[in-house]
Amino acid sequence: MIATTKNSTILAASVAFLISAQSVQASSVDLTTLTLNGSATATTNNLNLGNNITDQVFSGFFPTAINSSSTISGSFKFSLIDGGAIRNIGDQADGIAFVIHADPSGANALGSGGDGVGANGINNAIGIGFRSFGNNLASIFTTNDFPGSTSSPFSLGHNEENHVEVSFSYSSGTLAFHALNVDTAQTADLSLAFDLTTLGPNVYLGFTGATGLSYAYQNVYDVDISINQVAPVPEPSTWAMMILGFAGIGFMAYRRKSKPALMAA
């Protein structure tokens, strides 16, 4: 009886471990590990998504997808800086986005330029967008809904420099973010109910940006992301193998416990 009770405890604990959450954290992400697309370049702490040149599209995505049932939180900073020689000084273009997607292109996904900020056109997606130039807004958008009906005025287009701090989270079926423009003290707080699993079993995370007829130096930096992934539930055949395995462990433990008693007898 003691051996059986012990084995049941081992089995229950092991099953609980297999379906428990697995915490994966990336603090101060090394941005050179991203898959870079279009004209994007990166150093350890800086992702360049606009280099003061017209008509360019950029993206940088983490090369490995995560489970779409995950809880995600993090922060990043970005800057839009007037590089001079723009037709209307202060009209930096065109903006950046943080994108979560299950597009077939995976880490190589790249959307349209100009005010599409490299995100418009990426399929199976949701994201946080910041559009400058004549648009001046922060938003949460979904596929074919860029820049999204969930938006807030956020002045970016008529300031010579914009340094923005963003914190975000996806939890319990809601994507939310807070943004602060350090140069103007303007803030934006938005949220949208959305089930990530509707995009597919796995999703990619990353950033996009673009320039158009006007342009700016656009950079993302100080990226911190924490991901809490739920381990997939084993298939029935896997459960059967686990149970047999634990039964075998229990039988061996029982034999080891019983052998000294038999020798004493």
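What counts as what
- Residues numbered from 1 in each chain as written.
- Predicted model: local features only at pLDDT ≥ 70, side-chain atom pairs only at ≥ 80, totals over all residues.
- Heavy atoms only, no water.
- Salt bridge = Lys/Arg side-chain N within 4 Å of Asp/Glu carboxyl O.
- Helix = DSSP H or I, 4+ residues; strand = E, 2+ residues; numbered from the N terminus.
- Buried < 20%, exposed > 50% of the residue type's maximum accessible area, 1.4 Å probe, protein only.
- Phe/Tyr/Trp six-rings, centres within 6.5 Å; stacked < 30°, edge-to-face > 60°.
- Core = buried A, V, L, I, M, F, W, Y, C linked by side-chain atoms within 4.5 Å.
- Contact = heavy atoms within 4.5 Å.
- Polar contact = N/O pair within 3.5 Å; in protein donor to acceptor, adjacent residues only side chain to side chain.
- Pairing = 2+ DSSP bridges.

*Asks:* Explain the pattern of salt bridges to me, please; I cannot follow it from the model alone.
*Replies:* Oppositely charged side chains can pair when the atoms bearing their charge come close. Overall, the coordinates contain two salt bridges when judged by the stated rule. Between D222 and K77 there is a salt bridge; the shortest N-O distance is 3.2 Å. Placement of the pair is D222 in strand β16 (residues 217-230) and K77 in strand β7 (residues 71-81), with a sequence separation of 145 residues. Residue D222 is classed as partly exposed on the basis of its relative accessible area, which comes to 28%. The salt bridge involving R131 is made with D115; its shortest N-O contact spans 3.0 Å. Separated by 16 residues along the polypeptide, R131 in strand β9 (residues 125-131) and D115 in the loop between β8 (95-101) and β9 bring together distant segments of the chain. Using a relative accessible area of 8% as the deciding quantity, one classes R131 as buried. Judged by relative accessible area, D115 falls into the partly exposed class, the value being 39%.

*Asks:* Help me understand the packing of aromatic side chains in this model?
*Replies:* The description of two aromatic rings rests on the distance between their centres and on the angle between their planes. Enumeration according to the criterion identifies nine aromatic pairs in this entry. Look at F98 and F207: their rings are 5.4 Å apart centre to centre, the planes differ by 55 degrees, and that puts the pair in the tilted class. With F98 in strand β8 and F207 in strand β15 (residues 202-210), this residue pair connects regions lying 109 residues apart in the sequence. The pair F98 / F207 is uniform in exposure class, with both members buried. Pairing F130 with F154 gives two aromatic rings, centres 5.8 Å apart and planes at 55 degrees, and the pair type is tilted. One end of the pair, F130, is in strand β9; the other, F154, is in the loop between β11 (150-153) and β12 (161-171), with 24 residues separating them in the sequence. F154 matches F130 in its accessibility class, with the two residues each being buried.

*Asks:* Whenever I open this one, the nonpolar core confuses me. Can you help?
*Replies:* Proteins that are soluble and globular tend to have nonpolar side chains buried together. Among the nonpolar cores identified, the biggest contains 43 residues, and F76, F130 and F177 are the most heavily contacted of them. Residue contacts for F76: discarding those within four places in its chain leaves I96, F98, F130, V164, E165, V166, F168, F207, V220, Y221, D222 and V223. Counting 11 residues, the second largest nonpolar core, distinct from the first, contains F61, A97, I122 and A125.

*Asks:* When you look at the side chain of H101 in this model, what are you seeing that I'm missing?
*Replies:* Along the chain, the position of H101 falls in strand β8. Here the side chain of H101 touches D103 through a polar contact of 2.9 Å, landing on its backbone nitrogen. Leave out the neighbours within four places in its chain, and H101 touches F61, G106, A109, I122, N123, N124, A125, N202, V203 and Y204.

*Asks:* Would you mind showing me how to read the pairing of strand β10 (residues 137-142) here?
*Replies:* Consecutive side chains along a regular strand alternate between the two faces of the sheet. Most of β10 sits inside the fold, with six of its six residues counted as buried. Burial of β10 is two-sided: the residues L137, S139 and F141 facing one way and the residues A138, I140 and T142 facing the other way are all buried. The sheet contact formed by β9 and β10 spans six bridges and is antiparallel. Counterpart to G127 in the pairing with β10 is F141. Relative to β11, β10 is paired through four bridges, and the arrangement is antiparallel. Across the sheet, residue S139 finds its bridge partner in β11, namely S151.

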